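Architecture at a glance
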Amino acid sequence: MRELSGGQRQRVAIARSLAVNPRVLICDEPVSALDLSIRAQVMNLFLRLQKDLGVACLFIAHDLDLVRQAASRVYVMYLGKIVEHGPSLELYDHPSHPYAQMLLASAPEVDPIAERQRRAPLMMGEVPSPSNPPSGCRFRTRCSLAVDECSRQVPPALKLSPGHTAACIFAKDLHRGKRSALTTADADAA
Ligand code: SF4
């Protein structure tokens, strides 16, 4: 294995895992250690496995472009809890939890004009300890939209469209574009 490149090692690992005819593959940061050209090849291999063999793949990743390319459903987690989930296209077009909005906005744009217009996320503070999370909404110490109510109760997961939910008291406004976590002012007021 030591003579193999990173991409070759990854292919060997995939072949090994397929030897037991799995129905599901759990892929934890499967391409993060690979360079860009090899990433695309390995991701195409995963997509072929899904299509040709019917193997479901669960990707755990920080690379949002990879998630967009590979996943039909996306689950966004913060401090060990799912804060938003939905069909990939819907969630990327209408992120409705402040953390999901900030995550997506933090990814640089390839187009230089779009990159100049990109609104920088207003993420505040440090990540709290998962063993001692904030009361109520776990994201409240970093959220630009937090109000007193956020500390009093865990926000329920609000249904926004078929299969799309977000756990924020303002999720419906965020989904409709009436608020944004990327500015302090409500879009309505602009
Ligand atoms: S419930 Fe409050 S603190 Fe939590 S994400 Fe929504 S606005 Fe922010």
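Here the structure is a predicted model, which means the values were calculated and not measured.

Thoughts on the overall build of the protein chain
Per the secondary structure count, the protein chain includes eight helices and six strands. N-terminal to C-terminal, the α/β element order of the protein chain is α-β-α-β-α-β-β-α-α-α-α-β-β-α. In terms of its C-alpha atoms, the protein chain occupies a principal-axis envelope of roughly 55 × 40 × 35 Å. Per-residue burial over the protein chain gives 35% buried out of 190 residues. A separation threshold of at least 6 residues defines the contact pool for the protein chain, and within that pool the share at least 24 residues apart is 46%. Carbon together with sulfur atoms contributes 54% to the accessible area of the protein chain, which is approximately 11700 Å² in total.

Digging into the packing of aromatic side chains
The tally for this structure, following the rule as stated, stands at four aromatic pairs. Ring pairing ties together the aromatic residues Tyr78, Tyr99 and Phe139, which thus form one cluster. Note that Arg179 overlies the ring of Phe170, its terminal NZ or CZ placed 3.9 Å from the centroid.

Observations concerning unusual backbone geometry
Unlike most non-glycine residues, Asn21 shows phi in positive territory, near 50°. Within the secondary structure layout, Asn21 lies in the loop between helix H1 (6-18) and strand E1 (24-28). Positive phi outside glycine occurs at Glu29, with the angle close to 45°. Along the chain, Glu29 falls in the loop between E1 and helix H2 (36-53). A relative accessible area of 24% means that Glu29 is categorised as partly exposed.

Section: the confidence of the model for the protein chain
Overall, the prediction assigns the protein chain a mean pLDDT of 87, with 93% of residues at 70 or greater. The low-confidence segment residues 184-190 (pLDDT under 50) makes seven contacts with residues lying over four places distant or belonging to another chain.

What to know about the site of the ligand
Around the ligand, the surrounding shell consists of His97, Pro98, Cys137, Arg140, Cys143, Leu145, Ala146, Cys150, Pro155, Cys168, Ile169 and Phe170. Here the ligand occupies the largest cavity. A breakdown of the residues in the shell around the ligand according to their chemical character gives ten nonpolar, one polar and one charged.

Let's talk about the environment of Leu53
Along the polypeptide, Leu53 turns up in helix H2. Take Leu53: its relative accessible area is 55%, and that puts it in the exposed class. Once you skip the residues sitting within four places of it in the chain, Leu53 turns out to touch Leu18 and Arg48.

So, the domain arrangement of the protein chain
According to the domain assignment, the protein chain contains domain 1 (1-71) and domain 2 (74-190). Put simply, the middle of domain 1 and the middle of domain 2, counted by C-alpha atoms, are 28 Å apart. Each partner contributes to the interface: domain 1 provides four residues, whereas domain 2 provides six residues. Carbon and sulfur atoms make up 68% of the surface buried where domain 1 meets domain 2, a total of about 490 Å² over both sides. Here domain 1 is connected to domain 2 by zero salt bridges. Counting across the interface, domain 1 meets domain 2 through three residue pairs in polar contact (both at pLDDT 80 or more). Broken down by class, the residue content of the side of domain 1 that touches domain 2 amounts to three nonpolar, no polar and one charged.

Here's the deal with the nonpolar core
If you look at the biggest cluster of nonpolar residues, it comprises 41 residues, and the most contacted ones within it are Leu25, Met43, Phe46, Phe59, Val76 and Phe139. Only E1, H2, strand E2 (56-60), helix H3 (64-70), strand E3 (73-78), helix H4 (88-93), helix H5 (98-106) and helix H8 (171-176) provide two or more residues apiece to this core. Take this core: its biggest share by element is five residues, from H5. In this structure, this core is formed jointly by two domains, domain 1 (1-71) and domain 2 (74-190), each of which donates at least three residues. Look past the residues within four positions of Met43 in its chain and what remains in contact with it is Val31, Phe59, Leu66, Gln69 and Ala70.

What counts and what doesn't
Residues numbered from 1 in each chain as written. Predicted model: local features only at pLDDT ≥ 70, side-chain atom pairs only at ≥ 80, totals over all residues. Heavy atoms only, no water. Helix = DSSP H or I, 4+ residues; strand = E, 2+ residues; numbered from the N terminus. Buried < 20%, exposed > 50% of the residue type's maximum accessible area, 1.4 Å probe, protein only. Contact = heavy atoms within 4.5 Å. Areas by Shrake-Rupley, 256 points an atom, 1.4 Å probe, with all protein chains shown as cover. Phe/Tyr/Trp six-rings, centres within 6.5 Å; stacked < 30°, edge-to-face > 60°. Lys NZ or Arg CZ within 6 Å of the ring centre and 35° of its normal. pLDDT = per-residue confidence, 0-100. Near = heavy atom within 4 Å. 1 Å grid on protein atoms, 1.4 Å probe; cavity = no way out; pocket = protein on both sides within 12 Å on 5 of 7 lines; lining within 4 Å. Sits in = over half its atoms within 2 Å of the grid points. Nonpolar A, V, L, I, M, F, W, Y, C, P; charged D, E, K, R; others polar. Domains from an automatic or database assignment. Buried area = accessible area lost by both parts, 1.4 Å probe. Salt bridge = Lys/Arg side-chain N within 4 Å of Asp/Glu carboxyl O. Polar contact = N/O pair within 3.5 Å; in protein donor to acceptor, adjacent residues only side chain to side chain. Core = buried A, V, L, I, M, F, W, Y, C linked by side-chain atoms within 4.5 Å.

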